Amino acid sequence: MNILVINCGSSSLKFQLINAQSEELIAKGLCERIGIPGSQMTYAPKGGEKIEKAEDMPDHTAAIRLVLNALSDEKHGVVKSLDEIGAVGHRIVHGGESFAASTVINDEVMKAIEDCNDLAPLHNPANLIGINACRKLMPDTPMVGVFDTAFHQTMPERAYLYGIPYRYYEDYKVRRYGFHGTSHSYVSHRAAELLGREYEDLKMIVCHLGNGASISAVQNGKCVDTSMGLTPLEGLIMGTRSGDLDPAIIEFLCGKEEKTVHEILNVLNKESGVLGLSEGYSSDFRDLEKGYNGGEAPSIRAMNGFIYRVVKYIGAYTAVMNGVDVICFTAGIGENNSFIRKEVCAHLAYLGIGIDEEENAKRGEEVLISTKESRTKVLVIPTNEELAIARETFALVK
Ligand code: AMP
């Protein structure tokens, strides 16, 4: 069965068509600037050449229509008819407390996702628009929702509650939810497979280090803590997001800069993190690494801040689980940046970790980078959220 995986943002839509049995990627692509002048679609069938086309996409339904046309196109298509798409898997950012697992989408589920809009106002409405567009164009094809928050729903109360009046949780569901759950789940399962160990027997720390970054602690097959919170702003220092800070800073800065809370939150989301620490130099770790190696203070400051926060969370999660068997690195930085991995691990000698420099120099592949003697194993595992979504979807519709 072929599964269409859709990741729908407010003005963009990423898609992959995956054969569920062979797990082969059949085609993938991206629609950009949906609803904005100058929209374009990129489409890449497996083995064929990448096609970039300027196309008018006034809304998401138009974008999905173009995706379906491309997939079934006589010349560049990969299916003869849309009947060859057995199901659609949708990435959904926030499932609140309603979804601890993926689910087949019906009207009741749509309503429950809508009820979470408050918790992810930038993402959930866009996800819903994508689902509605697909349901309109493929009314008989089953749709599955796969939630970024679901994997973290196993966290115990002591990890997900904030130290604020309990009624804020009761009345408004203010709590830690965590994100990147599909990636944390995929990588932790893969780590157990690669080590030839039972998933339920391990204590694992997964470092998903991309432009958005989060860490999770997975003990005996369950997520027990994660660094992102009610929103993806909490936790690590990220590309442009601040991560943890004293909440009193917000009022303080509003006063000093004569800005509203909304404006300061915008700064914390878009102008902070390593971009802010490097005085606006870059949010991209390729640039920062060059700056660091060139002895430039802004890049050194930003890289050191980022590494320190990762080290701090690993220490906290080791304490939470009373030990750790394996640490995994994934996502853009975790998979590709050997310098960051080495620097983080240099602070983990207390866990009996030694790094094999030759293995650590590899990028973008599954590799054990800790030495044979290491007490705690360290793995690099490229994440594959689309494949994970396709697997979840197939499991529910087959
Ligand atoms: P993501 O959000 O997972 O796409 O990750 C984006 C981050 O990964 C950026 O900071 C990039 O600098 C970093 N990254 C992506 N590819 C590479 C690469 N080939 N080498 C080093 N860093 C990379």
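To be clear, the structure that these remarks concern was listed above.
Residues numbered from 1 in each chain as written. Predicted model: local features only at pLDDT ≥ 70, side-chain atom pairs only at ≥ 80, totals over all residues. Heavy atoms only, no water.

### Details of the overall build of the chain
From N to C terminus, the chain includes 15 helices and 14 strands. In terms of principal-axis extent, the alpha carbons of the chain reach across some 60 × 55 × 45 Å. Within the chain, the fraction of its 398 residues that count as buried is 51%. Pairs at least 24 residues apart make up 61% of the contacts formed inside the chain by residues separated by at least 6 positions. Carbon and sulfur atoms make up 49% of the accessible area of the chain, which totals about 18600 Å². (Helix = DSSP H or I, 4+ residues; strand = E, 2+ residues; numbered from the N terminus. Buried < 20%, exposed > 50% of the residue type's maximum accessible area, 1.4 Å probe, protein only. Contact = heavy atoms within 4.5 Å. Areas by Shrake-Rupley, 256 points an atom, 1.4 Å probe, with all protein chains shown as cover.)

### Quick word on empty space enclosed by the protein
Applying the stated criterion across every chain yields a total of two cavities of 30 Å³ or more. Space inside the largest cavity adds up to approximately 40 Å³. Those elements that place two or more of their residues in the lining of the largest cavity are strand 1 (2-8) and strand 2 (13-19). Within the lining of the largest cavity, the residues separate by chemical class into three nonpolar, two polar and two charged. Per-class residue counts for the lining of the second largest cavity are seven nonpolar, no polar and no charged. (1 Å grid on protein atoms, 1.4 Å probe; cavity = no way out; pocket = protein on both sides within 12 Å on 5 of 7 lines; lining within 4 Å. Points joined across faces, edges and corners; volume = space filled by probe spheres on them. Nonpolar A, V, L, I, M, F, W, Y, C, P; charged D, E, K, R; others polar.)

### Observations concerning the site of the ligand
In the vicinity of the ligand, the residues found are Gly210, Asn211, Ser283, Asp284, Phe285, Arg286, Ala331, Gly332, Ile333, Asn336 and Arg363. A distance of 3.4 Å separates a nitrogen atom of the ligand from a polar side-chain atom of Arg363. Contact with the protein chains hides 71% of the accessible area of the ligand, taken as 500 Å² for the molecule alone. Counting only elements with at least two residues in the shell around the ligand, the list comes to helix 10 (285-293) and helix 12 (331-336). In terms of residue count, helix 12 provides more of the shell around the ligand than any other element does, four residues in total. (Near = heavy atom within 4 Å. Polar contact = N/O pair within 3.5 Å; in protein donor to acceptor, adjacent residues only side chain to side chain.)

### Considering the sheet that holds strand 8 (residues 143-147)
If you walk across this open sheet you meet the eight strands as 5-4-3-2-1-6-8-7, and the pairing is mixed. A single partner strand is all that each edge strand has here, and the edge strands are strand 5 (51-54) and strand 7 (103-104). In this sheet, strand 5 lies alongside strand 4 (residues 40-45) in antiparallel orientation, the contact comprising four bridges. Of the residues in strand 5, the one forming a bridge with Met41 is Lys53. (Pairing = 2+ DSSP bridges.)

### Some words on the sheet that holds strand 11 (residues 222-226)
Judged by pairing direction, the sheet is mixed, and its six strands sit side by side in the order 11-10-9-12-14-13 without closing on themselves. Strands at the two margins of the open sheet, each flanked by one partner only, are strand 11 and strand 13 (367-368). Relative to strand 10 (residues 213-219), strand 9 (residues 203-209) is paired through seven bridges, and the arrangement is antiparallel. Considered in strand 10, the bridge of Cys207 is made with Ile215. Sheet contacts for helix 13 (residues 338-346): strand 9, strand 12 (326-330) and strand 14 (377-380); angle to strand 12, the most-contacted strand, approximately 155°. (Axes fitted to C-alpha atoms, helices over the stretch in contact; angles between N-to-C directions.)

### Observations concerning a nonpolar patch on the surface
A cluster of nonpolar side chains, Ile164, Tyr168 and Tyr172, forms an exposed patch at the surface whose accessible area comes to about 290 Å². Here Tyr168 is to be found in helix 5 (residues 166-172). The partly exposed category is assigned to Tyr168, whose relative accessible area is 30%. (Patch = residues over 30% accessible without salt bridge, like charges linked within 9 Å, V, L, I, M, F, W, Y side chains within 5 Å. Salt bridge = Lys/Arg side-chain N within 4 Å of Asp/Glu carboxyl O.)

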